[in-house]
Amino acid sequence: MHTPLTTLQPIDIPGSTGALDSGELGINLAAAQKNFPDRGLQVRINPWTNMAPGDRLNVILTDNSGPVIVASKSINIGEENQIVTAFIASSRLKEGSYSISYNVLRTGASTPEPSVPVDIYVKLTLPGGQDQNGDTPGHSALLFRLPEEVIANGVDKEMAMAGIKVTILPYMHITELDIIDLIWGSQHIRHEVSNAQAENPIQNPIEIVVDYETILAAEDSDELPVAFEVYDLVDNQSEDWSAE
(Lines give C-alpha, C1' and ligand atoms only; values in the text may rest on other atoms or scores of the structure.)
Protein backbone atom coordinates (compact mmCIF):
# COMPACT_ATOMS: atom_id res chain seq x y z
CA MET A 1 0.00 0.00 0.00
CA HIS A 2 1.37 3.45 -0.93
CA THR A 3 2.05 5.63 2.11
CA PRO A 4 1.28 9.29 1.40
CA LEU A 5 3.48 12.13 2.59
CA THR A 6 1.45 13.96 5.21
CA THR A 7 1.58 16.14 8.31
CA LEU A 8 -1.68 14.60 9.59
CA GLN A 9 -1.49 12.18 12.51
CA PRO A 10 -2.92 8.69 12.00
CA ILE A 11 -6.52 8.25 13.04
CA ASP A 12 -7.05 7.08 16.63
CA ILE A 13 -9.41 4.17 17.41
CA PRO A 14 -10.03 4.12 21.19
CA GLY A 15 -11.85 0.76 21.16
CA SER A 16 -9.15 -1.19 19.34
CA THR A 17 -7.47 -4.05 21.20
CA GLY A 18 -3.90 -3.39 20.13
CA ALA A 19 -1.72 -4.64 17.33
CA LEU A 20 -2.08 -8.24 16.11
CA ASP A 21 0.77 -10.30 14.67
CA SER A 22 -0.36 -9.04 11.26
CA GLY A 23 0.24 -5.45 12.35
CA GLU A 24 -3.48 -4.71 12.16
CA LEU A 25 -5.38 -3.27 15.10
CA GLY A 26 -8.05 -5.61 16.47
CA ILE A 27 -11.69 -4.47 16.43
CA ASN A 28 -14.09 -6.66 18.40
CA LEU A 29 -17.87 -6.80 18.66
CA ALA A 30 -17.97 -4.35 21.56
CA ALA A 31 -15.99 -1.68 19.69
CA ALA A 32 -17.86 -2.15 16.41
CA GLN A 33 -21.42 -2.42 17.74
CA LYS A 34 -21.89 -2.40 21.50
CA ASN A 35 -19.97 0.54 22.96
CA PHE A 36 -22.01 3.03 20.92
CA PRO A 37 -24.95 0.91 19.68
CA ASP A 38 -26.66 3.77 17.84
CA ARG A 39 -23.50 5.12 16.24
CA GLY A 40 -20.93 2.38 15.59
CA LEU A 41 -17.14 2.42 15.81
CA GLN A 42 -15.71 5.54 17.41
CA VAL A 43 -12.67 7.17 15.81
CA ARG A 44 -10.84 10.33 16.80
CA ILE A 45 -8.77 12.75 14.76
CA ASN A 46 -6.20 14.93 16.50
CA PRO A 47 -5.96 18.61 15.59
CA TRP A 48 -3.86 19.30 12.53
CA THR A 49 -1.43 22.12 11.87
CA ASN A 50 -3.15 25.42 11.06
CA MET A 51 -6.61 23.90 11.64
CA ALA A 52 -9.15 26.54 10.71
CA PRO A 53 -12.92 27.10 10.35
CA GLY A 54 -14.10 25.80 7.00
CA ASP A 55 -11.61 22.94 6.86
CA ARG A 56 -13.45 19.79 5.82
CA LEU A 57 -12.60 16.32 7.10
CA ASN A 58 -13.58 13.02 5.48
CA VAL A 59 -13.12 9.63 7.20
CA ILE A 60 -12.37 6.89 4.65
CA LEU A 61 -12.88 3.13 5.03
CA THR A 62 -11.06 0.96 2.48
CA ASP A 63 -11.48 -2.76 1.76
CA ASN A 64 -10.88 -4.90 -1.31
CA SER A 65 -13.66 -3.02 -3.11
CA GLY A 66 -11.90 0.32 -2.68
CA PRO A 67 -12.28 3.44 -0.51
CA VAL A 68 -15.60 4.79 0.76
CA ILE A 69 -16.21 8.03 2.67
CA VAL A 70 -18.05 6.97 5.84
CA ALA A 71 -18.11 10.22 7.85
CA SER A 72 -17.57 13.91 7.20
CA LYS A 73 -17.19 17.02 9.31
CA SER A 74 -16.67 20.72 8.61
CA ILE A 75 -14.77 22.68 11.24
CA ASN A 76 -16.80 25.52 12.74
CA ILE A 77 -15.60 28.65 14.49
CA GLY A 78 -14.45 27.70 17.97
CA GLU A 79 -13.58 24.13 17.01
CA GLU A 80 -10.01 24.89 15.98
CA ASN A 81 -7.31 22.80 17.67
CA GLN A 82 -9.85 20.40 19.15
CA ILE A 83 -10.05 16.62 18.72
CA VAL A 84 -12.71 15.62 16.19
CA THR A 85 -14.78 12.56 17.11
CA ALA A 86 -16.53 10.62 14.36
CA PHE A 87 -18.26 7.25 14.01
CA ILE A 88 -18.29 4.52 11.40
CA ALA A 89 -21.74 2.92 11.24
CA SER A 90 -21.84 -0.69 12.40
CA SER A 91 -23.49 -1.71 9.13
CA ARG A 92 -20.27 -0.75 7.32
CA LEU A 93 -18.14 -3.20 9.28
CA LYS A 94 -18.28 -6.88 8.41
CA GLU A 95 -15.68 -9.42 9.50
CA GLY A 96 -12.38 -8.93 7.74
CA SER A 97 -9.53 -6.53 7.06
CA TYR A 98 -9.82 -2.82 6.31
CA SER A 99 -7.80 0.35 6.46
CA ILE A 100 -9.11 3.58 7.97
CA SER A 101 -7.76 6.99 7.04
CA TYR A 102 -9.00 10.53 6.62
CA ASN A 103 -8.28 13.54 4.50
CA VAL A 104 -8.55 17.25 5.14
CA LEU A 105 -9.53 19.81 2.55
CA ARG A 106 -8.23 23.06 3.97
CA THR A 107 -10.07 26.32 3.49
CA GLY A 108 -9.07 27.78 0.12
CA ALA A 109 -7.29 24.60 -1.02
CA SER A 110 -8.32 22.53 -4.05
CA THR A 111 -6.73 19.21 -3.11
CA PRO A 112 -7.36 17.30 0.14
CA GLU A 113 -4.40 16.22 2.27
CA PRO A 114 -4.48 12.47 3.17
CA SER A 115 -3.45 10.81 6.42
CA VAL A 116 -1.49 7.59 6.70
CA PRO A 117 -3.97 4.67 6.76
CA VAL A 118 -4.40 2.49 9.84
CA ASP A 119 -5.00 -1.20 9.15
CA ILE A 120 -7.66 -3.00 11.21
CA TYR A 121 -9.05 -6.51 11.52
CA VAL A 122 -12.72 -6.78 12.49
CA LYS A 123 -14.01 -9.93 14.19
CA LEU A 124 -17.64 -9.97 15.33
CA THR A 125 -18.23 -13.59 16.37
CA LEU A 126 -17.98 -14.65 20.01
CA PRO A 127 -16.22 -17.87 21.02
CA GLY A 128 -18.95 -20.43 21.59
CA GLY A 129 -21.61 -18.28 19.91
CA GLN A 130 -24.80 -17.40 21.74
CA ASP A 131 -25.68 -19.18 24.97
CA GLN A 132 -28.86 -21.05 24.06
CA ASN A 133 -30.07 -21.49 27.63
CA GLY A 134 -29.48 -18.36 29.66
CA ASP A 135 -31.58 -19.64 32.56
CA THR A 136 -29.17 -22.53 33.19
CA PRO A 137 -25.77 -21.78 34.75
CA GLY A 138 -22.93 -22.11 32.29
CA HIS A 139 -22.67 -21.56 28.53
CA SER A 140 -24.67 -24.17 26.64
CA ALA A 141 -21.98 -24.59 23.95
CA LEU A 142 -18.84 -24.62 26.10
CA LEU A 143 -18.31 -28.20 27.24
CA PHE A 144 -15.39 -30.20 28.60
CA ARG A 145 -14.69 -33.78 29.63
CA LEU A 146 -12.82 -35.16 32.63
CA PRO A 147 -11.51 -38.73 32.95
CA GLU A 148 -14.20 -41.13 34.15
CA GLU A 149 -12.15 -42.20 37.18
CA VAL A 150 -11.89 -38.58 38.31
CA ILE A 151 -15.64 -38.10 38.01
CA ALA A 152 -16.31 -41.35 39.90
CA ASN A 153 -13.65 -41.23 42.60
CA GLY A 154 -12.10 -37.79 42.69
CA VAL A 155 -8.37 -37.15 42.49
CA ASP A 156 -5.96 -39.25 44.55
CA LYS A 157 -2.22 -38.67 44.90
CA GLU A 158 -1.29 -41.05 42.09
CA MET A 159 -3.66 -39.33 39.67
CA ALA A 160 -2.42 -35.90 40.75
CA MET A 161 1.21 -36.91 40.24
CA ALA A 162 0.39 -37.99 36.68
CA GLY A 163 -1.64 -34.86 35.96
CA ILE A 164 -5.33 -34.63 35.08
CA LYS A 165 -6.28 -34.26 31.42
CA VAL A 166 -9.17 -31.91 30.70
CA THR A 167 -10.53 -32.22 27.16
CA ILE A 168 -12.21 -29.13 25.72
CA LEU A 169 -14.91 -30.18 23.28
CA PRO A 170 -15.20 -28.34 19.93
CA TYR A 171 -17.17 -25.10 20.22
CA MET A 172 -18.74 -22.70 17.74
CA HIS A 173 -16.45 -20.08 16.18
CA ILE A 174 -13.29 -21.75 17.42
CA THR A 175 -10.39 -19.75 15.99
CA GLU A 176 -6.62 -19.97 15.98
CA LEU A 177 -5.12 -17.93 18.84
CA ASP A 178 -8.23 -18.26 21.01
CA ILE A 179 -7.17 -18.24 24.65
CA ILE A 180 -8.93 -20.84 26.80
CA ASP A 181 -8.85 -19.87 30.47
CA LEU A 182 -9.43 -23.04 32.51
CA ILE A 183 -9.97 -22.75 36.25
CA TRP A 184 -9.12 -25.64 38.56
CA GLY A 185 -10.27 -24.41 41.92
CA SER A 186 -8.46 -21.12 42.52
CA GLN A 187 -5.88 -21.78 39.80
CA HIS A 188 -5.94 -20.63 36.17
CA ILE A 189 -4.40 -22.58 33.29
CA ARG A 190 -4.30 -20.88 29.89
CA HIS A 191 -4.14 -22.62 26.55
CA GLU A 192 -3.69 -21.01 23.12
CA VAL A 193 -5.60 -22.73 20.33
CA SER A 194 -3.35 -23.81 17.46
CA ASN A 195 -4.18 -23.61 13.78
CA ALA A 196 -4.56 -27.40 13.63
CA GLN A 197 -6.95 -27.41 16.60
CA ALA A 198 -9.04 -24.63 15.07
CA GLU A 199 -9.16 -26.22 11.61
CA ASN A 200 -9.99 -29.74 12.82
CA PRO A 201 -10.68 -29.96 16.56
CA ILE A 202 -11.91 -33.56 16.22
CA GLN A 203 -8.60 -34.87 14.89
CA ASN A 204 -6.58 -32.41 16.98
CA PRO A 205 -8.40 -32.28 20.32
CA ILE A 206 -7.70 -29.57 22.85
CA GLU A 207 -6.31 -31.35 25.88
CA ILE A 208 -5.14 -29.34 28.87
CA VAL A 209 -3.16 -31.17 31.54
CA VAL A 210 -3.58 -29.88 35.08
CA ASP A 211 -0.23 -30.69 36.66
CA TYR A 212 0.60 -31.79 40.19
CA GLU A 213 1.73 -28.34 41.35
CA THR A 214 -1.52 -26.75 40.17
CA ILE A 215 -3.61 -29.44 41.86
CA LEU A 216 -1.72 -28.91 45.13
CA ALA A 217 -2.09 -25.13 44.92
CA ALA A 218 -5.85 -25.47 44.36
CA GLU A 219 -6.16 -27.74 47.42
CA ASP A 220 -8.67 -30.57 47.72
CA SER A 221 -12.42 -30.06 47.89
CA ASP A 222 -15.59 -32.00 47.10
CA GLU A 223 -16.90 -28.78 45.51
CA LEU A 224 -13.77 -27.91 43.53
CA PRO A 225 -14.89 -25.71 40.60
CA VAL A 226 -13.66 -26.68 37.15
CA ALA A 227 -14.76 -24.52 34.23
CA PHE A 228 -13.44 -22.47 31.32
CA GLU A 229 -14.12 -19.39 29.26
CA VAL A 230 -12.63 -18.25 25.96
CA TYR A 231 -11.18 -15.01 24.56
CA ASP A 232 -10.31 -14.64 20.90
CA LEU A 233 -7.45 -12.71 19.30
CA VAL A 234 -9.35 -9.39 19.43
CA ASP A 235 -10.62 -9.95 23.00
CA ASN A 236 -14.13 -11.05 22.16
CA GLN A 237 -15.16 -12.99 25.26
CA SER A 238 -17.50 -15.97 25.43
CA GLU A 239 -20.90 -14.96 26.82
CA ASP A 240 -20.39 -17.06 29.96
CA TRP A 241 -18.15 -19.64 31.55
CA SER A 242 -18.85 -23.27 30.90
CA ALA A 243 -20.90 -25.09 33.50
CA GLU A 244 -18.76 -26.44 36.33
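The structure under discussion appears in the preceding block.
This write-up is about the structure you can find in this document. (Residues numbered from 1 in each chain as written. Predicted model: local features only at pLDDT ≥ 70, side-chain atom pairs only at ≥ 80, totals over all residues. Heavy atoms only, no water.)

### Observations concerning the nonpolar core
With 31 residues, the main nonpolar core has Ile11, Ile13, Ile45, Val59, Ile88 and Ile100 as its most contacted residues. Put simply, the parts of the chain that give this core at least two residues each are helix H1 (29-34), strand S2 (41-45), strand S3 (56-63), strand S4 (66-74), strand S5 (84-88), strand S6 (96-105) and strand S8 (118-122). The biggest single contributor to this core is S6, with four residues. Once you skip the residues sitting within four places of it in the chain, Ile11 turns out to touch Val43, Arg44, Ile45, Val59, Ile100, Ser101, Tyr102 and Val118. The next biggest cluster of nonpolar side chains, apart from the first, holds 25 residues, and it includes Ala160, Ile189, Ala218 and Val230. (Core = buried A, V, L, I, M, F, W, Y, C linked by side-chain atoms within 4.5 Å. Buried < 20%, exposed > 50% of the residue type's maximum accessible area, 1.4 Å probe, protein only. Helix = DSSP H or I, 4+ residues; strand = E, 2+ residues; numbered from the N terminus. Contact = heavy atoms within 4.5 Å.)

### A look at unusual backbone geometry
Of note, Asn81 is a non-glycine position whose phi angle comes to about 60°, a positive value. Residue classification places Asn81 among the exposed residues on the basis of a relative accessible area of 56%. Despite not being glycine, Leu177 shows a phi value in the positive range, around 80°. On the secondary structure map, Leu177 appears in the loop between strand S10 (164-168) and strand S11 (179-184). A relative accessible area of 28% places Leu177 in the partly exposed class.

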